[in-house]
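Fold and contact review
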Amino acid sequence: MKYITKLLTGAAVATMVSFGAHAQEVTLTIHHFLGPKAPAQAQMMEPWAKKIEEESNGRIKFEIFPSMSLGGNPPELYRQVRDGVADIVWTLPGYTPGVFPHTEVFELPGVHLGDARATNLAIWDMMEDMAPDLKDIHPLAVHVHAGQAIHLTEKEVRTVADVKGLKLRTPTRTGSWVIESWGAEPVGMPVPALPQAMSLGVVDGGLVPFEVVPPLKLAELVSYSVEGQGVNSRFGTSVFLFAMNKDRYESLPDDLKEIIDRNSGRDFAAQIGDVFNNVEEVGKKMINDGKGQVVQLTPEEKATFDDASASVVDRWIEEAKSNGIDGAALVEKAKAAVLAHTEQ
């Protein structure tokens, strides 16, 4: 446990969230990179943990460690759960490029259509296709947020020509490919680093959902937040992984494993989608009430971005082929699965 080498400060202890007052058989740690008030913890992890504690009659207890308070950096979270440093983590597969070649398909342009619930259900439908990426951990959920908007400190953007030469933050390599296809410069970084990078002018903006506007206080920094209208209003999405250490899961009594399984399936994926869809309006309101404004592109303006990024899909398919993956078939299957759950 090389990452848990520093003593927890009083502040870190104060942000640790525990549930359950009964004597427990098992205490499971949950580690993630956002703050305790972020929707991922307050509206996803905490209700999930509380429900399992109640269904187990207090035999399972959870301790949530936000803001990397168990140590390490966000890109290390996958290794932490794989190696047992943390029992459970919430992270982005994109932080560890090359480890999740199948899961990346849901980040590609034209696959996610702006509805987190629809894409989460599509992922659930295709969990067998994702299985090779997940063999070293026990997945609790693989999900997306509502989708990326372009948040900018100064420049208003209407067409893809307007972003040429700008430096834009991205969390993943597929996001970098998209930004490159626009003629802009991608800057990779975990999302907690974005506010400082924007305030110091290291980047001109970033690709993030409105969900992170409140916890990162982006309304103080953003002049323009750009999205499209209706279906396919966003610029792709990011895939997230909520996963448990495989050995830790297998060590549980069968009845406790069954409780975790019952709370980690299709219904959980749909609930997560609803959480991330619903929090978008809060972030939009904060932008409009602050120094900035939310810009909604016309279909013609949005098409300039989509047309430019179409090459990213071809690039991904070619790379997948070199890794022995039928990327073209996977893209078509993912598109069809998302569309099947999307309200037109």
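Keep in mind the model is a prediction, meaning the values are calculated, not measured. (Residues numbered from 1 in each chain as written. Predicted model: local features only at pLDDT ≥ 70, side-chain atom pairs only at ≥ 80, totals over all residues. Heavy atoms only, no water.)

Let us look at the side chain of Ser 264. Relative to the helices and strands, Ser 264 is located in the loop between α10 (254–262) and α11 (266–278). Within the local environment of Ser 264, its side chain forms a polar contact with the backbone oxygen of Ile 260, the two atoms lying 2.5 Å apart. Sequence-distant contacts of Ser 264, that is, excluding residues within four places in its chain, are made with Trp 48, Trp 124 and Leu 140. (Helix = DSSP H or I, 4+ residues; strand = E, 2+ residues; numbered from the N terminus. Polar contact = N/O pair within 3.5 Å; in protein donor to acceptor, adjacent residues only side chain to side chain. Contact = heavy atoms within 4.5 Å.)

Our focus in this paragraph is helix α4 (residues 116–125). With respect to burial, α4 is a largely interior element, seven of its 10 residues being buried. Residues of α4 that are buried include every one of Ala 116, Ala 118, Thr 119, Asn 120, Leu 121, Ala 122 and Ile 123, and no others. Contact partners of the buried residues in α4: α5 (127–130), β5 (137–144), α11 and α14 (327–340). Its side-chain oxygen at 2.9 Å from the backbone nitrogen of Arg 117, Asp 115 defines the N-terminal cap of α4. (Buried < 20%, exposed > 50% of the residue type's maximum accessible area, 1.4 Å probe, protein only.)

Taken in spatial order, the six strands make up an open sheet running β8-β7-β9-β6-β10-β12, and their pairing is mixed. Of all strands in the sheet, those with a lone pairing partner are β8 (185–188) and β12 (293–296), marking the two edges. Between one strand axis and the next, the sheet turns by 25 degrees as a mean value, whatever way the strands run. Direction of pairing for strand β7 (residues 167–170) relative to strand β9 (residues 205–208): parallel, over a ladder of two bridges. What sits directly across from Leu 168, in β9, is Gly 205. Helix α12 (residues 280–289) rests against β10 (224–227) and β12 of the sheet, and its axis sits at about 115 degrees to β12. (Pairing = 2+ DSSP bridges. Axes fitted to C-alpha atoms, helices over the stretch in contact; angles between N-to-C directions.)

The description of two helices packed together rests on the angle between their axes and the distance between the axes. The contact between helix α13 (residues 299–322) and α14 brings their axes to 8 Å, and the two run at 130 degrees. Classified by the angle their axes make, α13 and α14 are oblique. Between α13 and α14, the contacting residues are Val 313, Trp 316, Ile 317 and Ala 320 on the first element and Gly 327, Ala 328, Leu 330 and Val 331 on the second. Of the residues contributing to the contact of α13 with α14, the split by class is seven nonpolar, one polar and no charged. (Parallel < 35°, antiparallel > 145°, perpendicular 65-115°, else oblique. Nonpolar A, V, L, I, M, F, W, Y, C, P; charged D, E, K, R; others polar.)

Okay, the side chain of Ser 176 next. When you line up the elements, Ser 176 lands in helix α6 (residues 173–181). Residues in contact with Ser 176, not counting those within four places in the same chain, are Thr 170 and Pro 186.

Take the pattern of salt bridges next. Taken as a whole and assessed by the stated rule, the structure comprises 24 salt bridges. The residue Glu 25 makes a salt bridge to Arg 59 at a minimum N-O spacing of 2.9 Å. Residue Glu 25 is located in the loop between β1 (17–18) and β2 (26–31), and its partner Arg 59 is located in the loop between α2 (39–55) and β3 (60–65); the two are separated by 34 residues in the primary sequence. Overall, Arg 59 belongs to the partly exposed group, its relative accessible area being 23%. For Asp 83, the salt bridge goes to Arg 82, with nearest N and O atoms at 2.9 Å. Taken together, the shared-partner salt bridges in this structure form one network comprising Glu 227, Arg 234, Glu 280, Glu 281 and Lys 284. (Salt bridge = Lys/Arg side-chain N within 4 Å of Asp/Glu carboxyl O.)

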